[in-house]
Amino acid sequence: MPTAEKPFMWSWPRILPPAAAIALGASQALAGDLPAGHAHNDFLHSRPLFDALSHRFSSVEVDIHLRDGRLFVAHDARDIVPDRTLQSLYLDPLVTRIRENGGSVYGDGRPLTLLIDIKTDAEDTYQVLDEILQRFRNILTVFGAREIREGAVVAIVSGKRARRLMEAQEVRYAALDGRLTDLGSGAPAALIPLISDRWTTHFTWRGDGTMPPAERAKLDRIVAEAHAAGQRVRFWATPDEPGQRRTAIWRVLREAGVDFINTDDLAGPAAFLDPTP
């Protein structure tokens with residue numbers, strides 16, 4: 001929390017058992033029955049965070065690098081700019097917005113997922129991240145061994161993940177972004193509330209024609225198993241150029257119940273719902 005401000009306090013909305021972890025924004029669509037939007041590489045947009053929020057995305061992704069004890073936002077180390085930190089671009093603005101909206105990002109109680117992709121050493125970076133997140137704990141979802149205390153923002157660590165370090169914590173202000181290998185592993189949703197993986201690793205279909213029945217059945221099984229464990233599902237590396245292939249894949253993701261549409265095109269989900277110019 002910025003030192004010049006008083007702590008931002010409100011009562012926690014609810015405590016969720018593991019099976020209810022999917023309620024952390026997973027079923028909250030942008031509109032209609034569209035899965036929630038995930039702003040991939042959000043920090044590359046002209047207004048990090050704010051552009052995604054203007055399109056009412058439910059999840060934003062930020063890459064971080066540890067340098068001199070600070071967490072800088074950049075895709076590559078060579079792109080680090082001194083004033084672009086996790087706190088200045090994301091955490092401080094979220095505190096302000098949540099305060100202005102009565103306790104949630106959009107004023108409707110819907111939590112925002114902040115996916116934090118660690119690019120430097122897993123444990124060293126996470127230790128600094130944990131210290132920073134503790135200062136912002138009043139807006140964050142809190143994870144215990146088997147329960148989740150819902151806050152306005154759900155922080156999830158991706159990229160280089162210090163899993164053993166995070167598992168050892170009795171209280172955490174972030175959870176882990178899992179992979180399909182974690183599905184059915186018995187890891188609680190309080191540790192891994194999100195299963196993410198590369199689409200092209202597991203499916204050959206790229207949106208041309210009809211999805212092969214065996215692959216569609218596989219997708220349905222993945223979603224069903226994750227949801228039964230209280231976990232959400234996201235795939236990256238799906239076609240993201242506007243057109244028939246992207247529309248076909250997004251339609252299948254929606255029909256299968258995949259929780260997040262991963263895209264760099266912030267206007268894409270709205271256009272998907274209403275393609276009329």
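All residue numbers refer to positions counted from 1 along the written sequence of the respective chain. Local features are withheld for residues below a pLDDT of 70 in this predicted model, meaning they are given only at 70 or higher, and side-chain atom pairs are given and counted only at 80 or more; totals for whole chains, interfaces and linings count all residues. Neither water nor hydrogens contribute to the side-chain values; these are computed over all heavy atoms in the structure.

### A look at the packing of aromatic side chains
Stacked, tilted and edge-to-face are the three classes assigned to paired rings of Phe, Tyr and Trp, where Trp is represented by its six-membered ring and a pair needs centres within 6.5 Å; plane angles under 30 degrees give stacked, over 60 edge-to-face, the rest tilted. All chains considered together, the criterion is met by four aromatic pairs. Ring centres 5.2 Å apart and planes at 90° place the aromatic pair W199 and F235 in the edge-to-face group. Of this pair, W199 sits in helix 5 (residues 199–202) while F235 sits in strand 11 (residues 232–236), placing them 36 residues apart in sequence. On the basis of relative accessibility, which here comes to 0%, the residue W199 falls in the buried class. Each residue gets one of three labels from its accessible area relative to the maximum for its type: buried under 20%, exposed over 50%, partly exposed in between, using a 1.4 Å probe on protein chains only. Classification of F235 as buried rests on a relative accessible area of 2%. Both rings, one in F203 and one in F235, keep their centres 5.7 Å apart while their planes meet at 85°; by these two values the pair is edge-to-face. Of this pair, F203 sits in the loop between helix 5 and helix 6 (213–228) while F235 sits in strand 11; the two residues are 32 residues apart in sequence, bridging distant segments of the chain. Every helix listed is a DSSP run of H or I at least four residues long, and every strand listed is a run of E at least two residues long, numbered separately from the N terminus.

### Side note on the confidence of the model for the chain
Here pLDDT means the predictor's own confidence in every residue, given as a number from 0 to 100. Per-residue confidence for the chain gives a mean pLDDT of 88; residues scoring 70 or more make up 86%. Note on contacts: a residue pair is in contact if any heavy atoms of the two residues lie within 4.5 Å. Confidence drops under a pLDDT of 50 for residues 1–23, and excluding neighbours within four residues, the segment shows 58 contacts in the predicted structure. Taken together, the stretch residues 25–33 has pLDDT below 50 and engages in 18 contacts with residues farther than four places along the chain or on a different chain.

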